[in-house]
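Survey of secondary and tertiary structure
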Amino acid sequence: MASSATKTIEDDAIRLLARREYSRAELAGRLAAKGHDSREVHECLDDLAARDLQSDARFAQSFLRSRLSRGQGALKIRGELQQRGVDRELIGDTLVNTDVDWFAIACDTLARRFDSPGDTPRERARRERFLAGRGFDFEQVRHALSHAWEECDD
């Protein structure tokens with residue numbers, strides 16, 4: 001039978017997970033901030049993962065969908081998942097095993113923000129910086145600058 005301290009940790013964890021998915025590292029940080037003992041937090045998170053109540057794979061998929069809807073690229077998504085403590089291999093698998101056309105997303109993101117590729121080198125550079133800041137790689141940026149204002153559904 002779980003101790004009352006463990007039950008409180010579990011209650012706090014489930015309350016957090018009821019609102020949204022959390023990575024294991026995020027959840028551990030939140031529970032530690034509530035004053036829970038790190039050993040007990042670790043045990044609780046192992047139990048939640050075993051019962052599939054917390055899953056870094058599910059978190060990564062949810063996070064990916066959220067960021068795609070915001071028009072973010074793979075580089076930025078990868079970095080943010082790493083900051084949230086998700087394993088690099090899991091991040092790689094999540095990005096590779098998803099059916100996403102990063103070039104089309106870059107086109108759509110650019111076309112929503114700007115109405116043309118820009119008339120001057122300074123304006124084009126601004127668009128390049130915008131997409132790079134959103135996490136798109138060089139090839140995706142170049143493609144978007146050339147095709148964003150035409151149909152990208154090739």
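Keep in mind the model is a prediction, meaning the values are calculated, not measured.

Here we take up the packing of aromatic side chains. Given two aromatic rings, one states the distance between the centres and the angle between the planes to describe the pair. In this structure the tally under the stated criterion is two aromatic pairs. Relative to Phe63, the ring of Phe59 lies with its centre 5.7 Å away and its plane at 40 degrees, an arrangement referred to as tilted. Within this pair, Phe59 and its partner Phe63 are both found in helix α4 (residues 56–69), separated by four residues, close to a single helical turn. Judged on exposure class, the residue Phe59 and its partner Phe63 are both buried. With centroids separated by 5.5 Å and ring planes inclined at 85 degrees, the aromatic side chains of Phe114 and Phe130 adopt a geometry described as edge-to-face. On the criterion of sequence distance, the pair formed by Phe114 in the loop between α7 (102–113) and α8 (121–133) and Phe130 in helix α8 is long-range, its members being 16 residues apart. Positioned above the aromatic ring of Tyr22 is the side chain of Arg20, whose terminal nitrogen or guanidinium carbon lies 3.9 Å from the ring centre.

Further remarks concern the environment of Gly92. Of note, Gly92 is situated in helix α6 (residues 88–96). Along the chain, Gly92 and Arg78 lie 14 residues apart, while their C-alpha atoms are 7.9 Å from each other.

You will see that Asp52, though not glycine, has its phi angle at about 60 degrees, which is positive. Note on placement: Asp52 falls in the loop between α3 (38–50) and α4. Residue classification places Asp52 among the partly exposed residues on the basis of a relative accessible area of 47%.

Looking at the protein chain as a whole, the pLDDT averages 92, with 93% of positions reaching at least 70. No element of the protein chain has a lower mean pLDDT than helix α1 (residues 4–19), at 85, and none a higher one than helix α5 (residues 74–83), at 97.

Right, let's talk about the pattern of salt bridges for a bit. All chains considered together, the criterion is met by 12 salt bridges. Between Glu21 and Arg58 there is a salt bridge, and its shortest N-O distance comes to 2.8 Å. Of the two residues, Glu21 sits in the loop between α1 and α2 (24–33) while Arg58 sits in helix α4, which places them 37 residues apart along the sequence. Ionic pairing is found between Asp108 and Arg112, a salt bridge with its closest N-O pair at 2.8 Å. Of this pair, Asp108 and Arg112 both sit in helix α7, separated by four residues, roughly a single helical turn.

Another aspect to go through is a positive patch on the surface. A contiguous patch of positive charge, built from Arg113, Arg122, Arg126 and Arg129, is present on the exposed surface. Taking the relative accessible area as the measure of exposure, Arg122 reaches 73% and is therefore exposed.

Taken together, the buried positions of α5 are occupied by Ala74, Ile77, Glu80 and Leu81. Take α5 and look down its axis: the buried residues cluster within an arc of 130 degrees, on one side only. Of the exposed residues in α5, those oriented more than 90 degrees away from the buried face are Leu75 and Gln83. Where α5 is buried, its residues touch α4, α6 and α7. Directly beyond the C-terminal end of α5, a positive phi value near 85 degrees is found at Gly85.

Conventions used here
Per chain, residue numbering runs from 1 following the sequence as it is written. Residues qualify for local features only when their pLDDT is at least 70, as the model is predicted, and side-chain atom pairs are given and counted only at 80 or more; totals for whole chains, interfaces and linings, by contrast, use all residues. Where side-chain values are given, they derive from all heavy atoms of the structure, hydrogens and water being excluded. Classification of ring pairs rests on two measures: the distance between centres of Phe, Tyr or Trp rings, Trp counted by its six-membered ring, which must be within 6.5 Å, and the angle between planes, read as stacked under 30 degrees, edge-to-face over 60 and tilted in between. A run of H or I in DSSP counts as a helix once it spans at least four residues, and a run of E counts as a strand once it spans at least two, with each numbered from the N terminus. Categorising residues by exposure relies on relative accessible area from a 1.4 Å probe, with only protein chains included: less than 20% of the type maximum marks a residue as buried, more than 50% marks it as exposed, and the intermediate range marks it as partly exposed. Only lysine NZ and arginine CZ atoms are considered, and such an atom sits over a ring when it is within 6 Å of the ring centre and within 35 degrees of the ring normal. Along the chain, pLDDT gives the predictor's confidence residue by residue, from 0 to 100. Salt bridges are defined by distance alone: a side-chain nitrogen of Lys or Arg within 4 Å of a carboxyl oxygen of Asp or Glu. By definition, no residue in a patch forms a salt bridge, and every one has over 30% relative accessible area; like charges are joined within 9 Å, nonpolar side chains (Val, Leu, Ile, Met, Phe, Trp, Tyr) within 5 Å. Methods summary: accessible areas were calculated by the Shrake-Rupley approach with a probe of 1.4 Å, and residue burial reflects only the protein chains presented. By the counting rule applied here, Lys and Arg register as positive and Asp and Glu as negative, while His and the ends of each chain are not counted. In this description, the location of a charge corresponds to atom NZ of lysine, CZ of arginine, CG of aspartate or CD of glutamate. Working note: the arc is built from the helix axis to C-beta atom directions. Contacts: residue pairs with any heavy atoms within 4.5 Å of one another.

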